[in-house]
Amino acid sequence: MDKSEKIFVRAQRKIPGGVNSPVRAWKSVGGVPRMVTRGKGSYIYDADGQRYIDFVASWGPLILGHAPPEILLALKQSAANGTTFGAPTEGEVELAELVSRFMPSVELLRLVSSGTEATMSAIRLARAFTRRTKLVKFDGCYHGHSDGLLVKAGSGVATLGLPDSAGVPTAFARETLTAKYNDISSLQRLFSQYGKTIAAVIVEPICGNMGVILPEPGFLAALRELTQRHGALLIFDEVITGFRVALGGAQEIFKISPDLTCLGKILGGGLPLAAFGGRRDVMNLLAPVGPVYQAGTLSGNPLAVAAGLTTLRLLSRRGTYRYLAAKGKRLEDGFSNVLKKTAIRATINRAGSMLTIFFGVDKVQSPDDARQCDRQMFANFFHSMLAQGIYLPPAPFEAMFVSLAHSNADLDKTILAFDRWASASKRG
Ligand SMILES: *Cc1c(COP(=O)(O)O)cnc(C)c1O
């Protein structure tokens, strides 16, 4: 038993499943999760001293890589002045100003501590603003673990929601309607049936939680048009895509202005920080201005704000996103060449520096397509890459994240490892 395994055995005695978030337990790929001891740049190290090139990036936040010196300095300076006050600070104002500048649709915003809080609060606000109760989400989009958002689609056409987790009252889940991503007619049907009761439509503008799935041309514009026509709010959940695909998120790329936006992950530069924001008239319903209650003891925590501010300032340097996209493309091209050479059936979806390989399918335009992929092949791929020093998301429906810390040598090493696995698995 290696050290990671020993610690994991101990973990399971005191923490359910040994982890504080389920995907960390490696259930979809099998095996024992590595206990991480430290990270530096593009690398993480485990308890047994193994080094890996990391493409999980803490599931998105670490766009600068691990432990960048600028963040460490900002944290040190901030911590020396105290770690939390429960009173307003100027840093929060600077961060709000910066986010609003990068994302003009975000006229006002409030800081929270997790993406789950951001989406939950945005939905409460949308319900108060529209005085309606129903929420539309898309099958396969993940918006955190609050009750009403843990709902999957029924079979066939979009149906009334059923809970996707034990402990969610059916009555709550009923308030959530589910449409199909990239299928605008499924949303039209919901609006024609429930139009006057729909408070909001929430969507990942680029899906990142069924692997990467890009919106079809016109899909987001149709969402904007339909919500507007029916008096519902459009909420973009840019917890992954915000500051990842562009400084202004997917809304900058697709030139769509949502009513509300949820942010997280990169926003906190690796510390717990998230936000929701948008139209001034909607945001002004929040207490203490308006009647919608929302609060947090550690909201806008000074350490998290310092890390977030430093991250956004570094990202705002010219050329950052061109550079990141070029790195993403290098990886995609390398993988594609290997797939061609070995005639392995798979498809790669990429948005800038986030990408997913789906095995056993030719095209993935919807979560239904994604579900057709070969999960066993993914597990083989995952473990082969791990053995070669490459740390991938331990589940098939996730994005790999390339950071500014990944060197071309890191990427080429990753492609070579993929080639070795692909060639060996082709030989059988
Ligand atoms: C990660 C994620 C969330 C939830 O954020 P947490 O900080 O994990 O609560 C919400 N929406 C999307 C799109 C996410 O990827």
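Residues numbered from 1 in each chain as written. Predicted model: local features only at pLDDT ≥ 70, side-chain atom pairs only at ≥ 80, totals over all residues. Heavy atoms only, no water.

## With respect to the pattern of salt bridges
Rule in force here: Salt bridge, as applied in this entry: a Lys or Arg side-chain nitrogen positioned within 4 Å of an Asp or Glu carboxyl oxygen. To qualify as a helix, a DSSP run of H or I must reach at least 4 residues; to qualify as a strand, a run of E must reach at least 2; elements of each kind are numbered from the N terminus. Burial classification: accessible surface area is computed with a 1.4 Å probe over protein chains only, and a residue below 20% of its type maximum counts as buried, one above 50% as exposed, and the rest as partly exposed.
All told, the structure shown has 17 salt bridges when counted by the stated rule. A salt bridge links glutamate 175 to lysine 134, with the shortest nitrogen-to-oxygen separation between them at 3.6 Å. Highlighted residues: glutamate 175 in the loop between helix H5 (170-173) and strand S8 (176-180) and lysine 134 in strand S5 (residues 134-139), separated in sequence by 41 residues. Here glutamate 175 falls in the partly exposed class, since its relative accessible area comes to 25%.

## Points about the layout of surface pockets
Here is the rule we go by: Method remark: on a 1 Å grid restricted to protein atoms, a set of points is classed as a cavity if a 1.4 Å probe fits but cannot get out and as a pocket if it is open with protein on both sides within 12 Å along at least five of seven lines; lining residues have an atom within 4 Å of a point. Grid points are joined across faces, edges and corners, and a volume is the space filled by probe spheres set on the points. Under the grouping applied here, Gly and all other residues not named as nonpolar or charged are polar, the nonpolar ones being Ala, Val, Leu, Ile, Met, Phe, Trp, Tyr, Cys and Pro and the charged ones Asp, Glu, Lys and Arg.
Here the second largest pocket defines a volume of roughly 670 Å³. As for the second largest pocket, its lining consists of 30 residues, and the residues nearest its centre are Pro88, Glu92, Leu109, Arg110 and Leu111. Tallying contributions element by element places helix H3 (residues 90-102) first for the lining of the second largest pocket, with five residues. Across the lining of the second largest pocket, the residue classes tally to 15 nonpolar, eleven polar and four charged.

## Overview of the domain arrangement of the protein
Cut-off, in case you're wondering: For each domain, the first and last residues come from an automatic or database assignment. Contact between two residues is taken to exist if any of their heavy atoms lie within 4.5 Å; hydrogens are not considered. As a working definition, buried area equals the accessible area (1.4 Å probe) given up by two parts on being put together, with both sides summed. Side-chain atoms alone can form a polar contact between residues adjacent in sequence; in general such a contact is a pair of N or O atoms within 3.5 Å, and within protein one must be able to donate a hydrogen while the other accepts it.
When the domains of the protein are assigned, the result is domain 1 (3-67 + 319-427) and domain 2 (69-315). Look at where the C-alpha atoms of domain 1 and domain 2 centre, and you get two points 26 Å apart. Facing the 31 residues of domain 1 at the interface are 30 residues of domain 2. Summing both partners gives a buried area of about 2,500 Å² for domain 1 against domain 2, and 63% of it is carried by carbon and sulfur. The interface formed by domain 1 and domain 2 includes two salt bridges. Between arginine 371 and aspartate 139 there is a salt bridge, with its nearest N and O atoms 2.9 Å apart. Inspection of the domain 1/domain 2 interface yields twelve residue pairs in polar contact (both at pLDDT 80 or more). Listing elements by their share of the side of domain 1 that touches domain 2, those giving two or more residues are helix H11 (320-342), strand S13 (346-351), strand S14 (354-359) and helix H12 (367-371). Its residues assigned to classes, the side of domain 1 that touches domain 2 shows 19 nonpolar, seven polar and five charged.

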